[in-house]
Number of protein chains: 2
Amino acid sequence: MALIVHKYGGTSMGSTERIRNVAKRVAKWARAGHQMVVVPSAMSGETNRLLGLAKDLQPGSLDAAAMRELDAIAATGEQVSVGLLALALQAEGQPAVSYGGWQVPIKTDSVYTKARIESIDDERVRADLAAGKVVIITGFQGIDPEGNVTTLGRGGSDTSAVAVAAALKADECLIYTDVDGVYTTDPRVVPEAQRLSTISFEEMLELASQGSKVLQIRSVEFAGKYRVPLRVLSSFTPWDIAIDEEAKSGTLITFEEDEKMEKAVVSGIAFNRDEAKITVVGVPDKPGIAYQILGAVAEANIDVDVIVQNVSHDGRTDFSFTVHRNDYTRTMDLLKNTVQPATGALNLIGDAKICKVSIVGIGMKSHVGVASTMFKALSDDGINIQMITTSEIKTSVVIAEKYMELAVRALHRAFGLDAAEATA
Amino acid sequence: MALIVHKYGGTSMGSTERIRNVAKRVAKWARAGHQMVVVPSAMSGETNRLLGLAKDLQPGSLDAAAMRELDAIAATGEQVSVGLLALALQAEGQPAVSYGGWQVPIKTDSVYTKARIESIDDERVRADLAAGKVVIITGFQGIDPEGNVTTLGRGGSDTSAVAVAAALKADECLIYTDVDGVYTTDPRVVPEAQRLSTISFEEMLELASQGSKVLQIRSVEFAGKYRVPLRVLSSFTPWDIAIDEEAKSGTLITFEEDEKMEKAVVSGIAFNRDEAKITVVGVPDKPGIAYQILGAVAEANIDVDVIVQNVSHDGRTDFSFTVHRNDYTRTMDLLKNTVQPATGALNLIGDAKICKVSIVGIGMKSHVGVASTMFKALSDDGINIQMITTSEIKTSVVIAEKYMELAVRALHRAFGLDAAEATA
């Protein structure tokens, strides 16, 4: 007997018919003798409907008082879900009880719309589990020290599930989603992409932050911090699949590096086209110049991703970085109006038609030549690299957007990730 | 400056446009210097939508565990309303804060789906009012001693508003609804029906329980118990009507009998056609017979309204009572299968095509001849009276359903309630 946390997304909870299927699946696990805690999202579309109503009444930017109301409104979506799932489980003959975040309580800080979980009281939940009940807890929300409802921000239900699993020291946290696991890359770009049966926590972090939209990144960080074994698996498999088979499906996110390192140097290829590249050309190469440029950008609340500074020549250097494409125009205006005059930069060059492609693998830590394999594969296809950054388990390149699919396929092949090769 | 509680029904909260109008009206009162507390219902249709989802998942009868979930689900409707209204008030430049019943807290017993309010903590609300905020509190719900969400049952938002007004010792509780006050009878039946500018609490109770669907009866009882001045008025008047005019509109429910008694013997005519009449014919006239019949009915959870026992002859008597029309067949079956054999009653006669018409007036207490005026008016129109019951401030007759409108119009005229006469 194990203590298992299930998390179901909005699509899985999208109708009473689907909620009934979730209930049958959970009841199956309970009947197998497991203590079950379930963290569902709001029914799909519900959070957007609620936020739409709110936006209709306060279209402008929101102060703290308004954000408090927004959180209270948005949190009701999950409050409906948990009640409905409890009813569905009871209808299956499985005792169940639901709690809102404030009832557990899941205590957070007071940062409305993006609160962070500070602690979870497990007493009430443990008592219910001991009494044979499935416990259903709202995702996405908690309560602050003053008793106000807070939400964790988009995708926060993943984080809630992992946090609950950590607080209860659960044996495993299963995230049911609309994909059947983590892939070596996006199968829509590379049909040969394979599902990984395990992936290390660090790799998952890199893949998630690089645009593999399987799991909310904060939930992965949380799982790493508290060493919660996390499994991503499909909510589309029939609910009555054998429990042994289901328990091994999807992708397990692990913390054991050793075993994994033997297997593959590169686990997956991540990519995104959400960024734009900006180069400040010919800035004087003197101490504090990076801060002069990026400090202004940060003050404008613009997130910077890749940063590259080239070697200087003639006392001047070029300074390049990427921002989210939505921030591109604003960043260029900011640089032109304040940073360029202040620094005496010779020119500004921007390019929104770029993409970032990354190879991710914990094996890179101890294997040499990985980056050069990457550069050769891109070169063989005539793809010019504009920027390069590396970390311990990731190497990223910025290239022209039009080459994105070509690059991803080339790298997937070069690192032996294609299904045909792997199963050969 | 006064402390005023406003209550708005689901229709008034039915869209963001309407919520904006509610906000403008409330802001107008706040600007006039009043401390404002608002208790809104869920957006119209929302409670039914939520209960529909729940019923889809548990179609059968619900145990306590299921009713707990039902309450948690249904309560979210008002939780959305209060947040939206707070946003709308803030957008009007009026500081506002919303609370769920559990946050105030509004403490109730644990009878899910029809909980009763036990106490209301006013500390948090008073602090907000003192800080110049409009406080918005969910209607319809509270929290039980174990921290579970409870609801007060249909129409419970009226009760919440009155209870909040009582706890805060508000100067007046204004119930905004889709009618502009309490009428002498239903204007759809009697076009000459007039709005009453005041009505006594006792008369309101009788009118409400007799089918004048203006206010939930429990809210009126609550108002009487705690002497909360209650005003029913229209939410359809333009929000920017002069506040003096608005404050005097609708119908005020008063506790001062003396003044009222001078004015009219009968204040209004109530009626309903929801009942069915059953007569147990020829039961032995001996002690305990009423209990033998009605005890069985009560055990089957069937509510009985009018009860009449005729004088006995030949050691036998006839025993008549009315039940809700929905319970008619079930009651007849019950009587036939158990009560008739047990009591040796000679026959059972049922009639579902009846109605009950009542005259209500606090003046009846001290005026003689009121009942005979009623009977004469009905007789003049050839209407046969089947049953009669009387209380201090009400006389009800059961007649054939087809005569209902005729009877109501005749009585309205006979007691001088027609607008033409009154204004003459």
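Source: prediction; values computed, not measured. (Residues numbered from 1 in each chain as written. Chains lettered and ligands numbered in written order. Predicted model: local features only at pLDDT ≥ 70, side-chain atom pairs only at ≥ 80, totals over all residues. Heavy atoms only, no water.)

(A) Geometry of the relation of the copies chain B and chain A. It takes a turn of 179° to lay chain B on chain A, together with a shift of 0.0 Å along the axis; the resulting RMSD is 0.1 Å. Given the turn and translation reported, the copies of this chain are related as if by a two-fold rotation axis. Within chain B, B:T76 has its C-alpha nearest the rotation axis, a separation of 2.9 Å. A shared interface surface links the copies, since 98% of the contact residues of chain B are contact residues in chain A too. (Least-squares fit on C-alpha atoms with pLDDT ≥ 70 in both. Contact = heavy atoms within 4.5 Å.)

(B) Broad picture of the interface of chain B and chain A. On the side of chain A, 40 residues touch chain B, which itself brings 41 residues to the contact. Of the roughly 3200 Å² buried at the junction of chain B and chain A (both faces included), carbon and sulfur atoms supply 60%. One salt bridge connects B:R49 with A:E46, and the closest N-O pair in it is separated by 3.5 Å. Inspection of the region where chain B meets chain A yields 21 residue pairs in polar contact (both at pLDDT 80 or more). Looking at the side of chain B that touches chain A, the elements that each hand over two or more residues are α1 (16–31), α2 (46–57), α3 (64–74), α4 (76–91) and β3 (96–99) of chain B. Residues belonging to the side of chain B that touches chain A are distributed by class as follows: 22 nonpolar, 10 polar and nine charged. (Buried area = accessible area lost by both parts, 1.4 Å probe. Salt bridge = Lys/Arg side-chain N within 4 Å of Asp/Glu carboxyl O. Polar contact = N/O pair within 3.5 Å; in protein donor to acceptor, adjacent residues only side chain to side chain. Helix = DSSP H or I, 4+ residues; strand = E, 2+ residues; numbered from the N terminus. Nonpolar A, V, L, I, M, F, W, Y, C, P; charged D, E, K, R; others polar.)

(C) View of the side chain of B:S235. Tracing the backbone shows B:S235 in the loop between β11 (230–234) and α9 (243–247). Among the polar contacts made by the side chain of B:S235, one reaches the side chain of B:S12 at a distance of 2.9 Å.

(D) Geometry of the sheet that holds strand β12 (residues 251–254) of chain A. Residues and elements named next belong to chain A. Taken in spatial order, the eight strands make up an open sheet running β3-β6-β2-β1-β9-β11-β12-β10, and their pairing is mixed. Since the sheet does not close on itself, it has two edges, and those belong to β3 (96–99) and β10 (198–200), each with one partner. Neighbour-to-neighbour, the strand axes of the sheet open up by a mean angle of 20°, direction not taken into account. As paired elements, strand β1 (residues 3–8) and strand β2 (residues 35–40) share six bridges and run parallel to each other. Paired with K7 across the strands is V39, a residue of β2. Contacts between helix α4 (residues 76–91) and the sheet are confined to β2, β3 and β6 (134–137), with β3 contributing the most and set at about 175° to the helix. Across the sheet, helix α5 (residues 123–130) is in contact with β1, β2, β3 and β6; its angle to β2 comes to roughly 130°. (Pairing = 2+ DSSP bridges. Axes fitted to C-alpha atoms, helices over the stretch in contact; angles between N-to-C directions.)

(E) Highlighting the environment of A:A407. All names here are of chain A. Structurally, A407 is set in helix α14 (residues 404–414). Of the residues examined, A407 reaches a relative accessible area of 0% and is grouped as buried. A sequence separation of 136 residues divides A407 from F271, and the C-alpha atoms of the two residues are 9.6 Å apart. Setting aside residues up to four positions removed in sequence, A407 forms contacts with V357, L378, I383 and I399. (Buried < 20%, exposed > 50% of the residue type's maximum accessible area, 1.4 Å probe, protein only.)

(F) Region of interest: the packing of helix α11 (residues 289–299) of chain B against helix α12 (residues 328–343) of chain B. All names here are of chain B. Here α11 crosses α12 at 145°, and the two axes come no closer than 10 Å. Judged by the sense of rotation from one axis to the other, the crossing of α11 with α12 is right-handed. Within the contact between the two elements, α11 uses I289, Q292, I293, A296 and V297 and α12 uses T331, L334, L335, V339, A342 and T343. Residue composition of the contact of α11 with α12, by class: eight nonpolar, three polar and no charged. (Left-handed = near helix turned anticlockwise from the far one by under 90°.)

(G) Up close: the sheet that holds strand β10 (residues 198–200) of chain B. Residues and elements named next belong to chain B. Read from one edge to the other, the open sheet built from eight strands follows the order β3-β6-β2-β1-β9-β11-β12-β10, with strand pairing classed as mixed. Bordering the open sheet on either side are β3 and β10, each of which pairs with just one other strand. The sheet shows a mean angle of 20° between the axes of neighbouring strands, taken without regard to direction.

(H) A look at the pattern of salt bridges. One pass over the full model with this rule turns up 42 salt bridges over all chains. A:R25 is the salt-bridge partner of A:E246, the closest N and O atoms lying 2.7 Å from each other. Placement of A:E246 in helix α9 (residues 243–247) and of A:R25 in helix α1 (residues 16–31) is noted, with a sequence separation of 221 residues between them. Across the pair, A:R25 and A:E246 agree in class, each one buried. Among the salt bridges present, the one from B:K133 reaches B:D128, with a minimum N-O distance of 3.8 Å. Shared partners join several salt bridges into a network, and the residues in it are A:E46, A:R49, B:E46 and B:R49.

(I) α11(B), seen in detail. Residue and element names in this part refer to chain B. Within α11, the full set of buried residues consists of I289, I293, L294, G295 and V297. Looking at the buried positions of α11, the neighbouring elements they touch are β14 (275–284), β15 (304–309), β16 (316–324) and α12. Once α11 finishes, N301 follows within two positions and takes phi at roughly 65°, a positive value.

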